[in-house]
Amino acid sequence: MENIKVKEENGISVICIDRPKSLNALNTQTLKELGQVINDISERKDIYTVIITGSGEKAFVAGADITEMKSKSAIEGREMAKLAQKVFSNIENMPQVVIAAVNGYALGGGCELSMACDIRLASTNAKFGQPEVGLGIIPGFAGTQRLPRLVGKGIAKELIFTTDMIDAKEAYRIGLVNKVYEPEELMEKTIELAQKIMKKGLFAVSLAKSAINNGLNMDTESAYAFEANLFGLCFSTDDQTEGMSAFIEKRKALFKGC
Ligand code: CAA
């Protein structure tokens, strides 16, 4: 891999977008490498949580690569959007929990990448925005879809139409990020969060993720039925027996993830 670094420790995989000279901008090659890493990790039974971050201290990802996009035809532009949308959907639907550690600029495709993650933690120097209409394009890595679902239609439209860049505090206020930390604390706090989740019944966590993601794309009655089916499925697991026994026996549960 040229533009993606992966580090693994204690069941956590840290994926780092590594093109610091271009503020980690996503070109086609980086998107393809990211897609491959995501597909590989999705199959792994020894990786329980995933963290996505950017290389260096300045940027998470400063967007799609404008140098590459500048001379694209309409067909090529659509192909790039479809590639990124597929990779980001695969991130959203990974069986593992995915946390974005947003360590600087998260603009355009960078903001869109962070929104494909389950949870966003940001450093105080993070900046979010969708600058696309200022470049004569629209957000094309699913930003027009995920941003309104996360922060509501009105705020999403304001951010996309004005291209205003917002700081981490404002991103927290509108619900775009879950927590904000000092830059030197960000990775430590992200790993702490991953470890906290990993102590729970991970099969149940994965089903809860599926219920939320899939349920939001269904009508309410279908979503309730889907949730009830996944709830039922939990009762076929050792984790359910262990979790409830531990409660009754007043001890800490020791989950196996199955
Ligand atoms: N694509 C390609 N190169 C980029 C880039 C991008 N998105 N963002 C930054 N870079 C490059 C710069 O061209 C520069 O390269 P050189 O040193 O070779 O000149 C290098 O990264 C450092 O950037 P700056 O000198 O501009 O750094 P700065 O601190 O002055 O500004 C910034 C930082 C505000 C993030 C600014 O770089 C910027 O505005 N970048 C573009 C952000 C943007 O518009 N992103 C959206 C892209 S479109 C998109 O993402 C579409 C979509 O929906 C997927």
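Everything quoted here is computed from the prediction, not taken from an experiment. (Residues numbered from 1 in each chain as written. Predicted model: local features only at pLDDT ≥ 70, side-chain atom pairs only at ≥ 80, totals over all residues. Heavy atoms only, no water.)

Trainee: Is there a simple way to think about the overall build of the protein chain in this case?
Mentor: The secondary structure content of the protein chain amounts to 11 helices and 10 strands. Along the first, second and third principal axes, the C-alpha set of the protein chain runs to 65 × 40 × 35 Å. A sequence separation of at least 24 residues applies to 69% of the contacts in the protein chain between residues at least 6 apart. Entry remark: accessible area of the protein chain is about 13,900 Å², with carbon and sulfur atoms responsible for 55%. (Helix = DSSP H or I, 4+ residues; strand = E, 2+ residues; numbered from the N terminus. Contact = heavy atoms within 4.5 Å. Areas by Shrake-Rupley, 256 points an atom, 1.4 Å probe, with all protein chains shown as cover.)

Trainee: So what exactly am I meant to see when it comes to the domain arrangement of the protein chain here?
Mentor: Along its sequence, the protein chain is carved into domain 1 (4-198) and domain 2 (202-248). Taken over C-alpha atoms, the centre of domain 1 sits 27 Å from the centre of domain 2. Between domain 1 and domain 2, the residue contacts involve 13 residues of the former and six residues of the latter. Between domain 1 and domain 2 lies a buried interface of about 610 Å² when both sides are counted; carbon and sulfur atoms form 52% of it. Counting every contact that joins domain 1 to domain 2 gives one salt bridge. Asp118 serves as the salt-bridge partner of Lys209, at 2.8 Å between the closest nitrogen and oxygen. Linking domain 1 to domain 2 there are six residue pairs in polar contact (both at pLDDT 80 or more). At the level of secondary structure, the elements contributing two or more residues to the side of domain 1 that touches domain 2 comprise helix H3 (74-92), strand E5 (97-102) and helix H8 (186-198). Its residues assigned to classes, the side of domain 1 that touches domain 2 comprises eight nonpolar, two polar and three charged. (Domains from an automatic or database assignment. Buried area = accessible area lost by both parts, 1.4 Å probe. Salt bridge = Lys/Arg side-chain N within 4 Å of Asp/Glu carboxyl O. Polar contact = N/O pair within 3.5 Å; in protein donor to acceptor, adjacent residues only side chain to side chain. Nonpolar A, V, L, I, M, F, W, Y, C, P; charged D, E, K, R; others polar.)

Trainee: Before we go on, may I ask you to explain empty space enclosed by the protein in this structure?
Mentor: Any empty space left between the atoms is revealed when a probe the size of a water molecule rolls over them. This model, assessed by the stated rule, comprises one cavity of 30 Å³ or more. There is about 40 Å³ of room inside the largest cavity. What lines the largest cavity is simply Cys111, Phe128, Gly129, Gln130, Leu147, Leu159, Asp164, Ile166 and Leu176. Looking at side-chain class alone, the lining of the largest cavity contains six nonpolar, two polar and one charged residues. (1 Å grid on protein atoms, 1.4 Å probe; cavity = no way out; pocket = protein on both sides within 12 Å on 5 of 7 lines; lining within 4 Å. Points joined across faces, edges and corners; volume = space filled by probe spheres on them.)

Trainee: Is there a simple way to explain the pattern of salt bridges in this structure?
Mentor: Where side chains of opposite charge bring their charged atoms close, a pairing between them can arise. Throughout the structure, instances matching the rule amount to 12 salt bridges. For Asp18, the salt bridge identified is with Lys5, shortest N-O distance 3.7 Å. With a gap of 13 residues between them, Asp18 in the loop between strand E2 (12-17) and helix H1 (28-42) and Lys5 in strand E1 (residues 4-9) connect regions that are remote in the sequence. For Asp18, a relative accessible area of 17% gives the class buried. With relative accessibility at 47%, the residue Lys5 sits in the partly exposed group. Across the salt bridge formed by Glu170 and Arg173, the nearest N and O atoms sit 2.9 Å from each other. A residue pair is termed a helical-turn pair when its members lie 3 or 4 positions apart in one helix, as Glu170 and Arg173 do in helix H7 (residues 168-173) at three residues. Given the relative accessible area of 26%, Glu170 is considered partly exposed. Given a relative accessible area of 59%, Arg173 falls into the exposed group. Within this structure, Glu8, Arg44 and Asp46 form a network of salt bridges that share partners. (Buried < 20%, exposed > 50% of the residue type's maximum accessible area, 1.4 Å probe, protein only.)

Trainee: Honestly, the site of the ligand in this entry has me stumped. Any pointers?
Mentor: Lining the immediate surroundings of the ligand are 25 residues, of which Lys58, Ala64, Gly109, Glu132 and Gly140 lie closest. Lys58 places a polar side-chain atom, nitrogen or oxygen, 2.6 Å from an oxygen atom of the ligand. In the model, an oxygen atom of the ligand is placed 2.8 Å from a nitrogen or oxygen of the Gly109 main chain. In isolation the ligand exposes 980 Å². Once the protein is present, 63% of that is buried. Of all elements in the fold, only helix H2 (66-69), strand E6 (105-107) and helix H4 (109-116) reach the threshold of two or more residues within the shell around the ligand. Broken down by element, the residue count for the shell around the ligand peaks at three residues, all from H2. (Near = heavy atom within 4 Å.)

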